[in-house]
Amino acid sequence: MLNQDSLTREDIVLLLNLPRNEASALYEKAASVRRQYVGDKVHLRGLIELSNICEKNCYYCGIRKDNRQIRRYNIPDDEVLKAARFAFDNGFGSIALQSGEIQSDSFTRRISRLLRQIKKIGDGSLGITLSCGEQSREVYQEWFEAGAHRYLLRIETSGKGLYGRLHPDDTRHRWDSRVRCLHDLQETGYQTGTGVMIGLPFQTAEELADDLLFMKSFDIDMCGMGPYVVHNDTPLAVHESLLLPVEQRFELTMKMVAVLRIMMKDINIVSATAVQAIRKGGREKILQAGANVLMPNITPGKYRDSYLLYRNKPGTDESAEDAVKNIEALVKAAGMTIEYGKWGDSRHYLEKRKNTSHQH
Ligand code: SAH
Ligand code: SF4
């Protein structure tokens, strides 16, 4: 089955349910696909969590609007630029700017301004991924023109029913809008990434299989998916007793990454930070199961503790310098090497573009 060109929903469910002692063949196959199609290089995106102010109320997220237990921050521009320069000085080819979701003119302008300033560092040396939630097509266009070329917007779950149980029922939290945003991003010309949370309450293996099929049919360029990790001060925390034990959630994450690598051979797949919250040394295992991107956190230390999306978020007591050292060791443990100084774009996206330009 692992050598088939396309996997059916039933095939995927079977793979996701593989017992532990049979799963290693799946991971090895995924690693060999990765080696053959995108190589053994890991691309780095220095993650800057620019603000934890959010207008939304996703039931799983620790920085949701109604959580009054946290201090809200907005990193001043000069500190964001300093962090971006740190990434550049350390040979990271790219950075990722992430924040809570704010839809306002001043936020839009601020991001545009930051993008243009970051683009000046090293004469356009840094690639930039944005992850600032749902925005209008015009806003996506403006940011694209200002220098962002990749965008990560997780669908969270491809199941509309499950999505409804994870979000308030109002116009700000619509599954259809999220899909519309993904289309807009793709049409604007971004390398478009999506992903899901794995091991959510109520989630089934069939739904996870559908998530992978959704990514395939959407023809995404990148994927960032990771385990769901409880945050105590959120409405979803009451369902903790329904969750798979962390070890199983971790294994399910590994399987999801491995199956996706086999289904979409030349995309970029992140080994997500959340993995580290439930399993020490987990991120290298995810690399070994087919991922090829890491997002070391380079948010200035004093803001780290306030960007707590979930319990045990790693690196809240780790400096950016430590993060760089740790990442070296981690990649080595996975038997891979870091690609310094390059954007590390999605090969899938580049191939698609080559093919369409031939047609003109
Ligand atoms: N506001 C933006 C980006 C920041 S949130 C957005 O929502 O797109 C980034 C991601 O964090 C979300 O897509 C979600 O998948 C993840 N996340 C939030 N809470 C989480 C939790 N409790 N466990 C695991 N991942 C979580
Ligand atoms: Fe806001 Fe994103 Fe958290 Fe939802 S997941 S509450 S949009 S930061």
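Look a little higher up for the structure.
What this report covers is the structure whose coordinates are included nearby.

### Overview of the pairing of strand E7 (residues 222-227)
Within E7, 6 of the 6 residues are buried, leaving the element largely enclosed by the surrounding structure. Examined bridge by bridge, strand E5 (residues 191-194) and E7 share 2 bridges and lie parallel to one another. Within E7, the position partnered with threonine 194 by the bridge is cysteine 223. Pairing of strand E6 (residues 197-198) with E7 involves 2 bridges; the strand directions are parallel. Note that in E7 the partner of isoleucine 198 across the bridge is proline 227. For the handedness criterion, the β-α-β arrangement of E6, helix H8 (residues 205-218) and E7 is classed as right-handed.

### Topic: the pairing of strand E3 (residues 127-131)
Judged by how many residues are buried, E3 sits mostly within the fold: 5 of 5 residues are covered. Burial of the side chains of E3 extends over both faces: Gly127, Thr129 and Ser131 are buried on one face and Ile128 and Leu130 on the other. Relative to E3, strand E2 (residues 94-99) runs parallel, the two being bridged by 5 bridges. What sits directly across from serine 94, in E3, is glycine 127. Between the parallel elements E2 and E3, the chain passes through helix H4 (residues 105-120) in a crossover that is right-handed. As paired elements, E3 and strand E4 (residues 150-152) share 2 bridges and run parallel to each other. Residue pairing for E4: leucine 130 is matched across the bridge by tyrosine 151. Between the parallel elements E3 and E4, the chain passes through helix H5 (residues 137-146) in a crossover that is right-handed.

### Looking at the site of ligand 2
Close contacts around ligand 2 come from Cys54, Lys56, Cys58, Tyr60, Cys61, Ile63, Arg64 and Gly100, and that covers them all. Looking at the shell around ligand 2, its residues break down into 5 nonpolar, 1 polar and 2 charged.

The rules behind each value
- For every chain, the first residue of the written sequence is number 1, and numbering continues from 1 onward in sequence order.
- Throughout, the order in which chains and ligands are written sets their labels, letters from A for the former and numbers from 1 for the latter.
- The predicted nature of this model means local features are confined to residues of pLDDT at least 70 and side-chain atom pairs, given and counted, to a pLDDT of 80 or more, with totals for whole chains, interfaces and linings taken over all residues.
- Note: side-chain values were computed over all heavy atoms of the structure, leaving out hydrogens and water.
- Burial classes: relative accessible area under 20% of the type maximum marks a residue as buried, over 50% as exposed, and values in between as partly exposed (1.4 Å probe, protein chains only).
- Helix numbering and strand numbering both begin at the N terminus, where a helix is a DSSP run of H or I of at least 4 residues and a strand a DSSP run of E of at least 2.
- Between any two strands, at least two bridges found by DSSP are needed for them to pair.
- Looking down the strands as they point away from the viewer, one classifies a crossover as right-handed if the path from the first strand across the helix to the second runs clockwise.
- The nearness test applies per residue and asks whether one of its heavy atoms lies within 4 Å of the molecule or strand.
- Polarity classes work like this: nonpolar for Ala, Val, Leu, Ile, Met, Phe, Trp, Tyr, Cys and Pro, charged for Asp, Glu, Lys and Arg, and polar for all others, with Gly in that last group.

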